[in-house]
Amino acid sequence: MTVSGIVNGELEARCALLIRGTDGSENEVNTVIDTGFNGFLTLPQSAVADLELRFIGEGRVILANGQEEVVNLYAVDVFWNGDWKAIEAECTESDPLLGMALLEGFRLSIDVVRDGGVVISSLD
């Protein structure tokens, strides 16, 4: 499996992911790859509502500024490594973030220049 993306003008490594809600509807989200985020995925409330994601609880997160925050967690399926994978997504009001838990077992290559390539490939 290979996922491709691009480094944008703000030097953010981005890639698109296909996600599926509880009603079977699908949506593509443009994520920022965040190697400082150890979760799977964050999604804004609008995506959670559009896909009617199932609430699974609350979680505590520590933000980059050291502040602790409580976030809502939702069940979502992501098309990953050629198949649908059930994960939890944290609801935040930032751009969707792709975190290290989803990248575990994969190689991440980034050409860190504007319009540089981003490649995620399986280590298997």
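> Could you give me a rundown of the environment of G21, with the residues and numbers involved?
Mapped onto the elements of the fold, G21 is located in the loop between β2 (13–20) and β3 (26–33). Judged by relative accessible area, which is 9%, G21 ranks as buried. Apart from the residues within four sequence positions on either side, G21 is in contact with L51 and L53.

> Explain the pairing of strand β7 (residues 83–91) residue by residue, including any values.
Relative to β7, strand β4 (residues 41–43) runs parallel, the two being bridged by three bridges. The residue of β7 that forms the bridge with L41 is A89. In this sheet, β7 lies alongside strand β6 (residues 68–80) in antiparallel orientation, the contact comprising eight bridges. The residue bridging D77 from the neighbouring strand is A86, located in β7.

> Give a detailed account of the pairing of strand β1 (residues 2–7), specifying residues and quantitative values.
Across five bridges, β1 lies against strand β10 (residues 117–122) in antiparallel orientation. Across the sheet, the residue bridging to V3 is I120, located in β10. Where β1 and β2 come together, three bridges link them in antiparallel fashion. Looking at β2, one finds that I6 is bridged to R14.

The rules we used
Residue positions within a chain follow its written sequence, with the count starting from 1. Two thresholds apply to this predicted model, a pLDDT of at least 70 for residue-level local features and 80 or more for giving and counting side-chain atom pairs, whereas whole-chain, interface and lining totals are computed over all residues. Hydrogens and waters are ignored; side-chain quantities use all the structure's heavy atoms. To qualify as a helix, a DSSP run of H or I must reach at least 4 residues; to qualify as a strand, a run of E must reach at least 2; elements of each kind are numbered from the N terminus. Only protein chains enter the accessibility calculation, which uses a 1.4 Å probe; a residue whose area is less than 20% of its type maximum is buried, one above 50% is exposed, and one in between is partly exposed. Note on contacts: a residue pair qualifies if any of its non-hydrogen atoms lie within 4.5 Å across the two residues. What makes two strands pair is DSSP finding at least two bridges between them.

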